[in-house]
Every structure is written in structure tokens, then in C-alpha cells.
Amino acid sequence: MVKGLDEMMRVQVEALRLRGYRQEVLAANLANADTPNFKAVDFDFGAALREATAARPGSAQGPAQAPQLLYRTPAQLALDGNSVEADAERAKMADNAIRYEAALRVLTGKIKTMLSAIQG
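Residues numbered from 1 in each chain as written. Predicted model: local features only at pLDDT ≥ 70, side-chain atom pairs only at ≥ 80, totals over all residues. Heavy atoms only, no water.

J.: If you had to explain the side chain of Ser83 to someone new, which residues and values would you point to?
T.: With respect to the helices, strands and loops of the structure, Ser83 is situated in the loop between β2 (70–71) and α3 (86–119). Reaching out from Ser83, the side chain makes a polar contact with the backbone nitrogen of Ala40 at a distance of 2.7 Å. Sequence-distant contacts of Ser83, defined by excluding residues within four places in its chain, comprise Phe38, Lys39, Ala40, Arg72, Pro74 and Leu77. (Helix = DSSP H or I, 4+ residues; strand = E, 2+ residues; numbered from the N terminus. Polar contact = N/O pair within 3.5 Å; in protein donor to acceptor, adjacent residues only side chain to side chain. Contact = heavy atoms within 4.5 Å.)

J.: Can you break down the nonpolar core residue by residue, with the values?
T.: One broad rule of soluble globular proteins: the nonpolar side chains tend to lie buried together. The biggest cluster of nonpolar side chains holds 12 residues, and these are Met9, Ala15, Leu16, Leu18, Phe43, Phe45, Ala48, Leu49, Ala52, Ala103, Leu107 and Met114. Among the elements of the structure, α1 (2–31), α2 (45–53) and α3 are those that each provide at least two residues to this core. Among all residues touching Met9, those that are not within four sequence positions of it are Leu107, Ile111 and Met114. (Core = buried A, V, L, I, M, F, W, Y, C linked by side-chain atoms within 4.5 Å. Buried < 20%, exposed > 50% of the residue type's maximum accessible area, 1.4 Å probe, protein only.)

J.: Please give an account of the pattern of salt bridges that cites residues and values.
T.: Enumeration according to the criterion identifies 7 salt bridges in this entry. Put simply, Asp42 and Arg22 hold a salt bridge, and the shortest N to O gap is 2.7 Å. In this pair, Asp42 sits in strand β1 (residues 41–42) while Arg22 sits in helix α1, placing the two residues 20 residues apart along the sequence. Residue classification places Asp42 among the buried positions, given a relative accessible area of 10%. Of the charged contacts in the structure, one is a salt bridge between Asp87 and Arg90, with a shortest N-O distance of 2.8 Å. Taken together, the residues Asp87 and Arg90, both in helix α3 and 3 residues apart, mark about one turn of the helix. Judged by its relative accessible area of 43%, Arg90 is partly exposed. Put simply, Arg22, Asp42, Arg72 and Glu89 are held in one network by salt bridges that share partners. (Salt bridge = Lys/Arg side-chain N within 4 Å of Asp/Glu carboxyl O.)

J.: Describe in detail the confidence of the model for the protein chain, supporting the description with residues and values.
T.: For the protein chain, mean pLDDT is 88; residues scoring 70 or higher make up 88% of the total. By mean pLDDT, the top-scoring element of the protein chain is β1 (97), and the lowest-scoring one is α1 (88). (pLDDT = per-residue confidence, 0-100.)

J.: Tell me about unusual backbone geometry, and please be specific about residues and values.
T.: The backbone of Asn37 sits at a positive phi, close to 65 degrees, despite the residue not being glycine. Along the chain, the position of Asn37 falls in the loop between α1 and β1. Residue Asn37 is classed as exposed on the basis of its relative accessible area of 53%.

J.: Mind laying out the packing of aromatic side chains, listing which residues take part and the relevant values?
T.: Under the defined criterion, the tally for this structure stands at 1 aromatic pair. The ring of Phe45 carries Arg19 above its face, with NZ or CZ at 3.6 Å from the centroid. (Phe/Tyr/Trp six-rings, centres within 6.5 Å; stacked < 30°, edge-to-face > 60°. Lys NZ or Arg CZ within 6 Å of the ring centre and 35° of its normal.)

J.: Which residues make up α3, and what values do they have?
T.: Across its 34 residues, α3 extends 49 Å between first and last C-alpha, which sits within 8% of the 50 Å expected from 1.5 Å per residue. In the segment just after α3, Gly120 is the residue with positive phi, at about 75 degrees. (Expected span 1.5 Å × (residues − 1).)

J.: Describe the environment of Glu89, listing the residues and the values that go with them.
T.: Its location among the elements puts Glu89 in helix α3. Spatially, the C-alpha atoms of Glu89 and Ala27 are 7.9 Å apart, while their sequence positions differ by 62 residues. Sequence-distant contacts of Glu89, that is, excluding residues within four places in its chain, are made with Leu26, Asn29, Leu30, Ala40, Arg72 and Val84. Within the structure, Glu89 has its side chain in polar contact with the side chain of Asn29 (distance 3.3 Å).

So, in C-alpha cells, the structure goes:
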């Protein structure tokens with residue numbers, strides 16, 4: 001039964017972990033907006049979530065690895081070589097925060113449903 005519960009919540013748990021990590025990556029980009037030659041990075045959230053939740057037959061699910069960070073191509077590179085676009089970073093952070101909250105609400109709902117079923 002525990003394995004079934006783990007499988008049921010694994011996607012949401014991994015989504016929360018990845019959303020938290022992405023918020024750190026985006027915040028680091030924004031913090032370095034004035035650093036010469038700093039290159040903004042991000043990762044493909046969908047691909048990272050698929051990788052994190054993929055069944056690995058015959059192997060124990062160990063600690064998840066951080067997704068591969070990719071350099072972002074800016075619309076216009078700054079004269080000092082910095083590729084951070086502050087407004088775009090803030091928009092991505094806001095979107096990511098909203099999606100984090102949504103994943104948290106889904107996970108909370110699943111836990112409440114399980115508790116209700118257990119309590120009868």
C-alpha cells in the first residue's frame with residue numbers, strides 16, 4: 001500500500017522539487033543581472049519532470065539529480081556580455097511561483113482525500 005501511495009504522489013512531489021529548484025535558478029539569474037559576462041540559465045521543466053518520474057525498473061529510486069541547465073538566448077545581449085533580461089526573469093519567476101502553488105494545492109488535496117478515506 002505504501003508503494004501505491006508513493007506512486008500516486010510522486011509526480012506532484014517531483015514537480016514541487018523542480019519548481020523550487022527552478023525558482024533558485026531564476027533568482028540567481030536576476031541576482032546577476034549586473035554581472036559582466038554572466039549568462040542566464042534555465043532548464044526544460046517538462047523534460048526534467050519526465051526524467052524525474054520515469055520508472056526505473058530494477059533500481060531503487062535514489063535522490064533525484066538536478067536537471068541540466070541550459071544557457072538562455074536573450075533577445076538582445078547587453079554591451080557587457082550579460083544575457084539576463086530582468087523583466088523576463090521576473091515574469092518567469094512569477095509564473096513558476098503560481099505553478100508551484102498549484103502543484104502544492106493538488107498534493108494537499110490528494111493528502112486530504114487519503115486522510116478522509118483512512119478515517120472513514
